[in-house]
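Residues per chain, in single letters:
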Amino acid sequence: MGFSKPAPEKRAMITETPLVIESLTDISQSPDPDSWNQVLAGAAKKVEALLKQLNIPVTELTLRQQACLDFPLLVPQPFIDKMEKGNAQDPLLLQVLPQREELEAAEGFINDPLAEKHSNLQKGIIHKYHGRVLVLLSTGCAINCRYCFRRHFAYSENRIGKNDWQGILDYVSQDPTIEELILSGGDPLMLSDQQLKKFIQQAEAIPHLQRLRIHTRLPVVIPQRITTTLINILHSCRFSCAIVLHINHSQELDPILIKGLDSLRRAGITLLNQAVLLRDINDNLETQIDLSKALFAAGILPYYLHLLDKVTGAHHFNVSEKDALVLHQQLLLKLSGYLVPKLVKEESGKGSKTPLVLIS
Ligand code: SF4
């Protein structure tokens, strides 16, 4: 998706092509009350207030609050605005609303399902796969998704600041097999544009690095995060850049987000999506078809459909492998191949994600 970037020497700052940006506000540099970090500061943190705002009866409050002790509620207003008022089963609400099931133990569900602590070789780095390394550039997110496989991750031990960047970059410099830097988290776009720019500029000095991948959900929950500064940073760096978004339901796409994504795409940034298959949220054929079509219409290629990672507190989201395979097969029969994401699961200790295919 997206067209290729021009050669580095021909790349100019995107401000020279106002067509791309004229409709976006560069809120990263202004005190605009709608700036993304101000929107983030006003995110909902209380179950009661969230449900009341949606005109949904407040039930099981004590249990929901108990679930929040382990993993707090955090939902920015633009994401709440995409929910249907009065609908307790809204697919966006179900992704963020603490439930009593989170307090139940379930067989096979553990705190670190991917055994990431074994790949967490150095503060801020997870090195699992050949050729690429994952950098936990930020330990925070703009939203807390209840199914998150890192909900128990030892972020406190991986809280990195600018002083830790050199150690990370040294690690990458010393391994010439690493061609790709994956910025993850938490959410790497929690960093300010200026911080991101500095990190990327330092990474550009490592000659064997070719590609930069950013895994983020932030623009989906606060579309204002796609600033012109961010677009410029990615457009003008020497790396081939991809943004892997995390969108689980077509209802998560809104006009402001689509406009921002269009600007990124026009700036030569490849846009991919990975979704998680979630029970009662997107585990039916119609919802998956709608998602793939909506993603492609927004310039995003459906890339992965993940089975849930079996993390403690998320068993109620689980879709069995058998049901997932049947759904995926139905998708293949209904959509063009490029609209069907790869169905995958992640298994600790494996050298890649495991693709799942129905064997008839
Ligand atoms: S945005 Fe991603 S990392 Fe953050 S809570 Fe949601 S799933 Fe987890």
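Residues numbered from 1 in each chain as written. Predicted model: local features only at pLDDT ≥ 70, side-chain atom pairs only at ≥ 80, totals over all residues. Heavy atoms only, no water.

This part takes up helix α8 (residues 193–204). Here α8 is twelve residues long and its end C-alpha atoms lie 16 Å apart, about the 16 Å a rise of 1.5 Å per residue gives. When α8 is considered as a whole, its buried residues turn out to be D193, L196, F199, I200 and A203. Angular distribution of buried residues about the axis of α8 spans 130 degrees; they occupy a single face of the element. Buried positions along α8 lie against β2 (132–136), α7 (162–173), β3 (180–184), β4 (211–216) and α10 (228–236). (Helix = DSSP H or I, 4+ residues; strand = E, 2+ residues; numbered from the N terminus. Expected span 1.5 Å × (residues − 1). Buried < 20%, exposed > 50% of the residue type's maximum accessible area, 1.4 Å probe, protein only. Arc of directions from axis to C-beta. Contact = heavy atoms within 4.5 Å.)

Let us look at the site of the ligand. Around the ligand lies a shell formed by C141, I143, C145, C148, R217 and H246. Looking at the shell around the ligand, its residues break down into four nonpolar, one polar and one charged. (Near = heavy atom within 4 Å. Nonpolar A, V, L, I, M, F, W, Y, C, P; charged D, E, K, R; others polar.)

Turning our attention to the pattern of salt bridges. What the rule picks out here adds up to 19 salt bridges. Where D262 meets R265, a salt bridge forms, and the shortest distance between an N and an O atom there is 3.0 Å. Taken together, the positions of D262 and R265, both in helix α11 (residues 255–266) and three residues apart, correspond to about one turn of that helix. Overall, the relative accessible area of 22% leaves D262 in the partly exposed class. With its nearest N and O atoms 3.0 Å apart, the salt bridge here joins E321 to K345. With E321 in helix α13 (residues 321–334) and K345 in strand β8 (residues 342–345), the pair connects residues that are 24 residues apart, well separated along the chain. (Salt bridge = Lys/Arg side-chain N within 4 Å of Asp/Glu carboxyl O.)

Taken in spatial order, the nine strands make up an open sheet running β1-β2-β3-β4-β5-β6-β7-β8-β9, and their pairing is mixed. Two strands close off the open sheet at either side, each with one partner strand: β1 (125–126) and β9 (354–355). Two strands pair when backbone bridges link them, and β4 and strand β5 (residues 240–245) are joined in this way by six bridges, in the parallel orientation. Across the sheet, residue T216 finds its bridge partner in β5, namely L245. (Pairing = 2+ DSSP bridges.)

Packing of α8 against α10 leaves a shortest axis separation of 10 Å and a crossing angle of 5 degrees. Relative to α10, α8 is oriented roughly parallel. Here D193, Q194, L196, K197 and I200 of α8 lie close against α10, whose contacting residues are T229, L230, I233 and L234. Tallied by class, the residues present in the contact of α8 with α10 amount to five nonpolar, two polar and two charged. (Axes fitted to C-alpha atoms, helices over the stretch in contact; angles between N-to-C directions. Parallel < 35°, antiparallel > 145°, perpendicular 65-115°, else oblique.)

By size, the foremost hydrophobic cluster in this structure holds 91 residues, and its most contacted members are V75, L181 and L234. The leading source of residues in this core is α7, at five residues. With five residues, the next largest nonpolar core counts I289, L331, L335 and L339 among its residues. (Core = buried A, V, L, I, M, F, W, Y, C linked by side-chain atoms within 4.5 Å.)

Bridge count for strand β7 (residues 301–306) against β8 is three bridges, and the pairing is parallel. Bridge pairing in β8 links Y304 to K342. After leaving β7, the chain enters α13 and then returns to the sheet as β8, a path that is right-handed. (Right-handed = clockwise from strand over helix to strand, strands pointing away.)

So, about the confidence of the model for the protein chain. Predicted confidence across the protein chain gives a mean pLDDT of 89, with 88% of residues reaching 70 or more. Throughout residues 15–23 the model reports pLDDT below 50, and contacts reaching past four residues in sequence, or to other chains, amount to eight contacts. (pLDDT = per-residue confidence, 0-100.)

With that out of the way, let us pick up the packing of aromatic side chains. What describes a pair of aromatic rings is the distance from one ring centre to the other and the angle between the planes of the rings. The tally for this structure, following the rule as stated, stands at four aromatic pairs. Considering the side-chain rings of F296 and Y338, the 5.2 Å spacing of their centres and the 55 degrees angle between planes classify their relative orientation as tilted. Of this pair, F296 sits in helix α12 (residues 285–297) while Y338 sits in the loop between α13 and β8, and the two are 42 residues apart along the sequence. The class of F296 is partly exposed, set by a relative accessible area of 31%. (Phe/Tyr/Trp six-rings, centres within 6.5 Å; stacked < 30°, edge-to-face > 60°.)

Let's shift gears to the pairing of β3. On any regular strand, side chains alternate: one points to one face of the sheet, the next to the other face. Burial within β3 is extensive, with five of its five residues counted as buried. The alternating pattern of β3 places E180, I182 and S184 and L181 and L183 on opposite faces, both of which are buried. Relative to β3, β2 runs parallel, the two sharing five bridges. Bridged to V133 within β3 is L181. Note: β3 against β4, four bridges, orientation parallel. Within the sheet, the bridge partner assigned to L183 lies in β4 and is I214.

What follows deals with the side chain of E102. Its location among the elements puts E102 in the loop between α6 (93–96) and β1. Here E102 falls in the buried class, since its relative accessible area comes to 7%. Within polar-contact distance, the side chain of E102 engages the side chain of R146 at 2.9 Å. With residues near it in sequence (within four places) discarded, E102 still touches A67, L97, R146, R151, G313 and H316. (Polar contact = N/O pair within 3.5 Å; in protein donor to acceptor, adjacent residues only side chain to side chain.)

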